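In case you want the letters, here they are:
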Amino acid sequence: MADENLRELNVGGDPGTWDGSESELVVRSWQEGVDLCSGIYQHLKEYVPPVFCSGSEAKSPEENQAYQTLLQTLEWYLFGENPADGFAKLEQSNSSSQLCGRVFKGGETTYSCRDCAIDPTCVLCVDCFQNSVHKNHRYKMNSSNGGGFCDCGDVEAWKTGPACKMHEHGVSEDSANPASQLPVGLAERTQQLFTIIFRYIVDMLIWTEDKELPLGLQPREKTDSYFCVLFNDEQHSPEQVIYSLQRSLGCSQREAQNHTTLIDKEGRRAVKHGTLQSCQETKLEVFNITNSVFQSPLRVEILHSSVVSHQTFALRLLSWLNQVVSNSAGLRQIFCEVVLNQEPDSNQPCLISKLMLADAKLWKGARKVFHELIVCSLLMETECKRLFAVEFVTHYKQLQLEFVEDDHDRNVSVTAQSVQIFTVPTLARHLIEEHDALKIIVETIIELFSEHMDNGKLHFQSYSRDKLFRKQMVLYDLKYVLISKPPLWTDRQREHFLEGFKTFLRLLKTMQNMEPMSRQIGQHLEIEPEWESAFTIQMLLKCILSMIQEWCASDEQVLLRAYKECHRVLSQCSNECSQRNARKQLNTLNMCGHSISLKRYLVSREPVSIHLPLSRLLAGLHVHLNKSGALNKLEEYVPSSEFQVEKLMDYPLRCLVLMAQVSADMWRRNGFSLVNQVFCYRNVKWREEMFDKDVIMLQIAASIMDPNRFLMFLLSRFELFEVFSKSSIPRNKDVIQQTNVLIEELLHLIIIVIGERYVPGVGHVKKDDVTLREVIHLLCIEPMPHSELAKSLPENENNETGLENVIHQVATFKKPGLSGHGVYELKPEYLKHFNLFFYHYYKSQQTKAEDEQKKRKKQSNSSEALPPPLPPPFYSMFVKVINILNCDVLMLILRTVLQRAVDSTGQLWSEAMVQKTLHLICMALQEEKRQLEGGVAEEDVNFDVYLKATRVGSSAVNAESILSLLEKLRGVQQLDAQKDMIIWTLQMFETVKKLREKSSPCSATEAASQKTNETTQDKDKAERKRKAEAAKLYRQKIMAQMSAMQKNFIESNKHLYEKSTEAPKQGTVRTEVDSTPTAEDSGVALGPMQGATAAEKITLTCILCQEEQEVKTDEMAMVLAACVQRSTALSNSRTRTITNLGDDCDPIIMHPDLGCGTHVGSCGHVMHASCWQKYFEAVQNSTRNRLHAELPFDLENGEFLCPLCKALYNTVMPVIPQQAQNLDSKDAETVAQILTLSRWLQNVAARLIGLNASDSKEKESNLIQGNPIARKDPVEFRSILSFGVQSPIKYSKSIVEMLLLFATAVYRVGLKVAPNEADSRVPLMAWNACAFTIQSIENILTDEDKVLFGSLPDRQGLSLKAVLQFAASQRVVASSRVIQQHLTRLMSVFLPHLDVEDTWSILDIDFFHLLVSLVLAFPSLYWEETVELQPSDISCAFNNLYLFHLVTMVHIVQILLTSTTDCPMEQDGEETEESQSAAELYETLREYTSRSLEYKPHGWYLWHCVKCGIVPFLRCSALFFNYLLGVPPPEELSKDSPEGQFEALCLYLALPTNLFKLFQEHKDVVSPLLQRWCSDSAVQSFLKGERATVRYPRERNQLMELPEDYSCVLNQGSQYKCSRSSDDETKNLALCMFCGAMLCSQSQCCREEVNGEEVGACAAHAMNCGSGLGMFLRIRECQVLLLAGKNRGCFIPAPYLDDYGETDQWLKRGNPLHLCNERYKKLERLWQQHRILEEITRNQDTNQVDFGFEWQQF
Ligand SMILES: [Zn+2]
Ligand SMILES: [Zn+2]
Ligand SMILES: [Zn+2]
Ligand SMILES: [Zn+2]
Ligand SMILES: [Zn+2]
Ligand SMILES: [Zn+2]
Ligand SMILES: [Zn+2]
């Protein structure tokens, strides 16, 4: 891209003002002059100020001029010839680079490879990724913050596949010295020129106000021309800046907006040009306004215009340099040398450092160009990168200090470049070894934190959140430099690393014991102390600490020396503390003949801190020592005399005691701050370097100390010593409760210290074993999705958890359904590893896991005991920890607990306590068993738990043995739940006993005890069996009783019972059709053969009052909740602007593209009209009182939520039963003979004319004369009535009311107008809504391949019927005259000259809409002024038949004209009767269109087209007549096979299967019509190809096709360029899923004004595309935005799943995503079934967060 730009600039331009020859002249004068620098400066002085004088950095025409005069001259100098030639030569000699180096913009998607990247900061751009091997690896997607660059081609960044296909053949930059390959003259000139201009750039950019311009640039005379320059900051919002500018400059809003946008983008902008004085006034003005209104002034500076010009030009030069060096590796190398060159004997830093140090003072635009230059030059090549890195590290501290004070985001700070330097492993190690990088970084942290220091410890009391955040960035740098440890250590490396390590210890020392807490007694803590910052830092330190340990562990010498240092600093810390407590006396404690002396300390009384990083680091190093076997060399470094393990363990122990006391509720007065800290201490993000390490420290102590002394120490710190040493028992209930919890916690801790060996180096385990165990325990709680598992596992520095390595071993994957996510289920064989007291369980998790596991055991009918799993053996020195299990003090503790439980009189015991005791006993026996099984002789087995536990008086004189206590425990009732566990423990005793007998001759006493033991066990078994039997019998008895009662009940309430099984609770439909039809089922719905139906009987239950009612026309109305909405779901021309709305719209005809229709939906939940009204009013009243209540529905527009299903509705519609249809077949036959189609049409014409004439008498004669039909055979105006009339049905007042209400709602919503029940368009909208609703139902049925009849659920059938009956009953709502007028207009399609102006072309009519309107309007012909009449059943049958035949014929013509053009010429089809008739009809049409129909397709093809094209219409018509009349359809239409469908449709609709027979049969009537239809001008122009029209069958709408792989979607997004926007910022792109339009959501460029209001691109687009509804895929966020109207919307996950069956909104996890077809279909259905609005309300209801959005801004 860079190259192209250059060439463009070269070729273009205005040669008139300045051409090459002049440049040449200037260059010659430079070369001839003495000093090149002054020559160039002279030129700049002359030309820069006039050229860049607008003070703006935006591109303008003057840009070209500047290029000509200034840059081209420089280029002439550089090449010594025409620059175009020079560049061309350079390009030739230049080979393409191996590095991609593409700089990311904010929001751009980046890719990393989890398999191959050295660390997660190594990323690829989209193009490189798509061309790389990593596409098929475990990649991650991420959104860039901007500023970083693509690492493609960097061999140090990737383990494999370092370069993509585009870059793999590039030449490595390091292969040769590229500068040496340049022509000598060029190299020399480049060096000279770059030196001069880069110095000029630096001088100008860091120019400060009080300085004069540099020598050689000062203008001859200083003009009074100044600029007022406003600078960007991150404190003021754009609105604030706009406001201030408008007021201070007096400019327009648009102007102010323009300034503000540019200030934000470029970082500064000259907002005023004028004299010094006027600028000063403006500056003062801005200061005053911003200072008084916003309390913080905006930064404004006054700069002389020549300064502004030079600065602007300097910036332009910087970009120019960037382009020039990216063109040639040689030039780049020279450039790097120039800017890194430190002048000899000068203590000034090199040029690049100078600029770097000024970075924080530069404005945003300048910084961006500068950083890009760094990336494209200095970082592109290893040696330059190294030199630059050294400069960077040298100034590191100062840069960071300035960054903290800076008010710009980090991505525009030069400090952000650290990631490019420190993440290169070799470079990082070099910097540590040679330039003390580690030390410098840690020192920088210490210095940055110095202001938080209080008495040598960190303390974050009051601090600036933003500044602390900036300071934390240094910790990331620390992490980066530690990413890869040296493969081989040199002495120099050791020294420098340890130097850095010592500094690091200094940092940790300031954190050891920081922010201590004291227990609040009496009153609550008043102010919650600050705790978060310390934990945030701890979290960042976690990775660093573990990496430092890894570094230490990789070299024995380093490890030992680091350990020594750490120990020294930790001892210092403890000594400082103990000095404060020097007065304290040593206290000696005795128990079981053992004693310990220690200083008194009470966690509950004295300060205690959670932060102990030094202790924990030491623990970590100790484990490494143990693992490497270097522990035995420790003596040389830390003499055992100095190693006081009790002191070392004291602080971690206090911390653990604090946790126990918090559990015991002793710290409840310390508030939430403590609760949160306790939570974090054990949370997965911290625990590795907090809780886990404290446990290890205790294990270290236990491995060194005498076990009895160790336990006594624990007892003392837990403040439980007296509870076990004395028999005095506390009385206070609270104290007892506390003590009980503390004992439980103590036992738990002992279990943990002995049993938790899953740390490599503590136990014999590997890393994967640890993860495996974590996963097992998580899955023991419940099956979990991948993301939740990953979240619950600790991450290493590369954000990896190791989950993938083990998950398939232990779990099986269960796929997700349509919603929800896939989960992993633990394989049953791993259940035996379950440890109830797993140390990473929170309490709630433990309870859940216990319940789950017990439930599982119960189901499989096995013992419910959850014994401890066998732990892995301890590693080396840690082996001694298990001695605790065998020691006297533990025996005493266990025995005491059991004794108290057996006595069960006192309260100092609990079930949980016993449970843990049993667990410990089992652990001890397991250990003994393991030793016995190890094959050692009994004398060598040092474990004798068995003996101790069975011996009487083992711990106290005459005390009972543990074994006998256990036997007794079985009788304790409160411990029923533990019974299985007790039995299990007893069996364990038995096993060990047998093992002991095997290894030693059995003694008589033991054998005896064994016997008793056995008998008790047998007894127990028998007892159990008996109880189980009894329970079984009892259950059977109860069951028998129950079923007898049930039978009785059914008998006595038979009718009730049947009803309730058929119609479950909620308002389900129950339709009963009388089973005695008066005529046989003919399967025909129209004409003389019409089948008979009985009056429909509908019984419904109101969901509000639960009462049942039969629906009758003369009773109170029952209503359905209904939702009317405009819909484009069927639209065949999405780009056409929707016009059928508003006050001027005439909705009589629907356009065949179905651009926008009116849809009625319902959940089918029925209410009494009165119940609904009460409900609606109640909602109104309850919300009226709530101010600013955010409701998901709009009461003003009649919206409410269905009381049952909570879907959104905006009106209700009444349920009206179908009327009986009964034709006398004889009558029908007679009528059929007389009433032919032509006769009927004459009657209708006469009637219409007559009715119209009665309005205006004088017209009558004209009309009759003018009408050919009327003239030929004048028909009496009332003759149509003679075929049968009847009186209409009366509707109850309540039904009429509801009809009116619903009609008005349909009218209001359908046309988007104010409600007006008297408007003449009300009935039209009712018919349209009916037709459109049927069409969309037919569409869905076809789409889902469902049968026409019988596949609609009952409730949908009920609501469709209601819509139809409503449309049919319009005469009740509207005046008969209005409907007659509509009918006259509609009939004009068939009856010409009816005095109506409308002449629609048949290409512009949707004939199903026309059919519905005609059929439903037709009864109005029968109304007389005085009597209300309606056609009799026979009349109706004929009317419907003829109307339907007429419409069918015109539709066939429409299809023939529009949809038969692509005939395959060669292919032959079968010649049938149909195809012949089709060809004949076509020939006629050709005649009538004056041969405009050019082709003459085959007959079979025409028939095929007609058949396909007309089926949707026929299906809709069948649905329509069925729901209108209730005539049951032929069976074929409810059968799954497609066979016979067409024939059945024809039968039902009384059509000949050869549709063309209609034309033959009614030739007399049709011929003139055909002639008229064909001669229409619209038809003519269509046939000439001058206009387009819809083809049949209409295309069915589908959602836009989406790529299978989500990265392709992202790719598409990144390639999209918005034509409205000039800047290249990445946009928030949204893809319209209806039409595929790409939109810039939430972006200024694509906002639009709609109805005088500015809205976002999506909202504006949805207005037309979806008639207010929208479904957009937000590409960067991977979620679907649903919009409805102005203020409704929600986000749902995109239909993409990762391999674990989970969606990823916001791409937070970034796993590869693939399209899920089921979910995609689900979205499509949401659209086609008109359920988007419903989905939004449902989401808003469950997801309150969405309320915050202003949806129209998207
Ligand atoms: Zn790339
Ligand atoms: Zn590449
Ligand atoms: Zn890879
Ligand atoms: Zn009711
Ligand atoms: Zn409902
Ligand atoms: Zn669209
Ligand atoms: Zn745009």
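Residues numbered from 1 in each chain as written. Chains lettered and ligands numbered in written order. Predicted model: local features only at pLDDT ≥ 70, side-chain atom pairs only at ≥ 80, totals over all residues. Heavy atoms only, no water.

Trainee: I would appreciate a short explanation of the coordination of the zinc ion (ligand 6) in the present structure.
Mentor: Six octahedral donors around a metal ideally subtend angles of 90 or 180 degrees, whereas four tetrahedral donors ideally subtend 109.5 degrees. Taken together, C1632 (SG), C1635 (SG), H1661 (NE2) and C1665 (SG) make up the full set of protein donors to the zinc ion (ligand 6), lying 2.0 to 2.3 Å away. The site at the zinc ion (ligand 6) holds four donor atoms, and with the angles between them running 104 to 115°, its shape is tetrahedral. All donor residues of the zinc ion (ligand 6) come from one chain, and their arrangement in sequence is C-x2-C-x25-H-x3-C. Pair noted here: H1661 and C1665 are both in helix α62 (residues 1657-1665), with a separation of four residues, about one helical turn. Comparing H1661 with C1665 shows no difference in burial state: the two are buried. (Donors = N, O, S within 2.8 Å, 3.2 Å for Na, K, Ca; no water. Tetrahedral: all angles 85-135°; square planar, octahedral: opposite > 155°, others 65-115°. Helix = DSSP H or I, 4+ residues; strand = E, 2+ residues; numbered from the N terminus. Buried < 20%, exposed > 50% of the residue type's maximum accessible area, 1.4 Å probe, protein only.)

Trainee: Would you mind showing me how to read the nonpolar core here?
Mentor: Here is a general trend for soluble globular proteins: nonpolar side chains tend to be buried in one another's company. In terms of nonpolar packing, the biggest core is built from 296 residues, with F198, Y200, L478 and F710 touching the most fellow members. Leaving out residues up to four positions away in the same chain, F198 has contacts with L318, L321, F335, V339, L351, I352, L355 and L373. Counting 244 residues, the second-largest nonpolar core is a separate cluster that includes L1100, L1324, V1566 and V1609. (Core = buried A, V, L, I, M, F, W, Y, C linked by side-chain atoms within 4.5 Å. Contact = heavy atoms within 4.5 Å.)

Trainee: Where do I start with the sheet that holds strand β29 (residues 1688-1693) in this structure?
Mentor: Whenever strands of a sheet pair, they do so through backbone hydrogen bonds, lying parallel or antiparallel. Judged by pairing direction, the sheet is antiparallel, and its five strands sit side by side in the order β24-β23-β27-β28-β29 without closing on themselves. Both edges of this open sheet fall to β24 (1638-1641) and β29, since each of them pairs with a single strand only. Neighbour to neighbour, the strand axes of the sheet diverge by 30° on average, direction disregarded. Bridge analysis of strand β23 (residues 1628-1632) against strand β27 (residues 1669-1674) gives three bridges, and the strand direction is antiparallel. Looking at the pairing, A1630 lines up with R1674 of β27. Running over the sheet, helix α61 (residues 1606-1615) touches β23, β24 and β27 and is turned about 100° from β27. Against the sheet, helix α63 (residues 1717-1728) engages β27, β28 (1679-1684) and β29, with an angle of about 160° to β27. (Pairing = 2+ DSSP bridges. Axes fitted to C-alpha atoms, helices over the stretch in contact; angles between N-to-C directions.)

Trainee: Would you mind showing me how to read the coordination of the zinc ion (ligand 4) here?
Mentor: Around the zinc ion (ligand 4), the protein supplies C1102 (SG), C1105 (SG), H1168 (ND1) and C1171 (SG) as donor atoms, at distances of 2.0 to 2.4 Å. With four donor atoms in place around the zinc ion (ligand 4) and angles of 97 to 118° between them, the coordination shape is tetrahedral. By relative accessible area, which is 30% here, C1105 ends up partly exposed. Overall, the relative accessible area of 14% leaves C1171 in the buried class.

Trainee: Would you take a moment to explain the packing of helix α53 (residues 1407-1417) against helix α54 (residues 1433-1458) for this structure?
Mentor: Any two packed helices are characterised by how steeply their axes cross, that is the angle between the axes, and by the distance between the axes. Following both chains from N to C, one finds α53 and α54 inclined at 165°, their axes separated by 10 Å at the closest point. Relative to α54, α53 is oriented roughly antiparallel. As for the relative orientation of α53 and α54, their crossing is right-handed in sense. Residues F1407, L1410, L1411, L1414 and V1415 of α53 lie in contact with α54, whose contacting residues are N1440, L1443, F1444, V1447, V1450, H1451 and Q1454. (Parallel < 35°, antiparallel > 145°, perpendicular 65-115°, else oblique. Left-handed = near helix turned anticlockwise from the far one by under 90°.)

Trainee: Is there a simple way to explain the sheet that holds strand β3 (residues 226-231) in this structure?
Mentor: One open sheet holds the three strands; their spatial order is β4-β3-β5, and the pairing between them is antiparallel. On the outer flanks of this sheet lie β4 (268-274) and β5 (300-304), each paired with one strand and no other. For this sheet, the mean angle separating the axes of adjacent strands, direction not counted, is 30°. The sheet contact formed by β3 and β4 spans six bridges and is antiparallel. By the bridge assignment, F227 is partnered in β4 with H273. Along the sheet, helix α9 (residues 253-266) contacts β3 and β4; its crossing angle with β4, the most-contacted strand, is approximately 130°.

Trainee: How should the pattern of salt bridges be read in this particular structure?
Mentor: It is possible for side chains bearing opposite charge to pair when their charged atoms get close. Considering all chains together, one arrives at 62 salt bridges under this definition. Among the ionic pairs, R687 bridges to E774, the shortest N-O distance being 3.3 Å. Of this pair, R687 sits in the loop between α27 (671-682) and α28 (691-704) while E774 sits in helix α32 (residues 767-781), placing them 87 residues apart in sequence. E774 matches R687 in its accessibility class, with the two residues each being buried. Ionic pairing is found between E960 and K968, a salt bridge with its closest N-O pair at 2.7 Å. Through salt bridges that share partners, R114, D115, R138, E800 and E804 make up one connected network. (Salt bridge = Lys/Arg side-chain N within 4 Å of Asp/Glu carboxyl O.)

Trainee: Help me out: how do you make sense of the packing of α53 against helix α56 (residues 1499-1525) in this one?
Mentor: Axis separation between α53 and α56 bottoms out at 10 Å; the angle between their running directions is 25°. Relative to α56, α53 is oriented roughly parallel. Note on packing geometry: the crossing formed by α53 with α56 is right-handed. On the side of α53, the interface is formed by F1407, F1408, L1411, V1412, V1415 and L1416, while α56 contributes F1513, C1516, S1517, F1520, F1521 and L1524. Classifying every residue of the contact of α53 with α56 by side-chain character gives eleven nonpolar, one polar and no charged. (Nonpolar A, V, L, I, M, F, W, Y, C, P; charged D, E, K, R; others polar.)

Trainee: How do you make sense of the packing of aromatic side chains when you look at a structure like this?
Mentor: One pair of aromatic rings is described through two measures. These are the centre distance and the angle between the planes. Applying the stated rule across the entire model yields 53 aromatic pairs. Centroid distance F1444 to F1513: 6.0 Å. Interplanar angle 5°. Geometry classified as stacked. One end of the pair, F1444, is in helix α54; the other, F1513, is in helix α56, and 69 residues separate them in sequence. When sorted by exposure, F1444 lands in the same class as F1513, which is buried. (Phe/Tyr/Trp six-rings, centres within 6.5 Å; stacked < 30°, edge-to-face > 60°.)

Trainee: How should I be thinking about the environment of M1118 in this particular structure?
Mentor: Looking at the element boundaries, M1118 is found in strand β15 (residues 1118-1127). Sequence spacing of M1118 and I1295 is 177 residues, and the spatial spacing of their C-alpha atoms is 8.0 Å. For M1118, the contacting residues outside a window of four places in its chain are L1100, T1101, C1102, Q1109, V1111, V1166, M1167, H1168, A1169, M1213, P1214 and V1215.

Trainee: Which parts of the structure should I look at to understand helix α34 (residues 803-810)?
Mentor: Within an α-helix, residues lying three or four positions from one another point in the same direction, as the helix has 3.6 residues per turn. Buried residues of α34: L803, E804, V806, I807 and V810, and no others. Buried positions along α34 lie against α32, α33 (786-791), β10 (811-814) and β11 (823-826).

Trainee: Looking at this model, I keep getting lost on the side chain of R367. Mind explaining?
Mentor: Structurally, R367 is set in helix α14 (residues 364-376). Within the structure, R367 has its side chain in polar contact with the backbone oxygen of V412 (distance 2.9 Å). If we ignore the near neighbours within four places in the chain, the residues touching R367 are D359, A360, L362, D406, H408, V412 and S413. (Polar contact = N/O pair within 3.5 Å; in protein donor to acceptor, adjacent residues only side chain to side chain.)

Trainee: Got a minute to help me understand helix α19 (residues 437-449) in this structure?
Mentor: With 13 residues, α19 extends 18 Å between its outermost C-alpha atoms, agreeing within 8% with the 18 Å of an ideal straight helix rising 1.5 Å per residue. Taken together, the buried positions of α19 are occupied by A437, L438, I441, V442, T444, I445, I446, L448 and F449. (Expected span 1.5 Å × (residues − 1).)

Trainee: I would appreciate a short explanation of unusual backbone geometry in the present structure.
Mentor: Between Y1592 and P1593 the backbone carries a cis peptide bond, its omega angle lying at -5°. Mapped onto the elements of the fold, P1593 is located in the loop between α60 (1577-1583) and α61. The backbone of D665 shows a phi angle near 70°, a positive value even though the residue is not glycine. Mapped onto the secondary structure, D665 falls in the loop between α26 (645-663) and α27. One non-glycine residue with positive phi stands out, namely E719, at about 60°. The residue E719 is located in the loop between α29 (707-717) and α30 (721-725) in this model.

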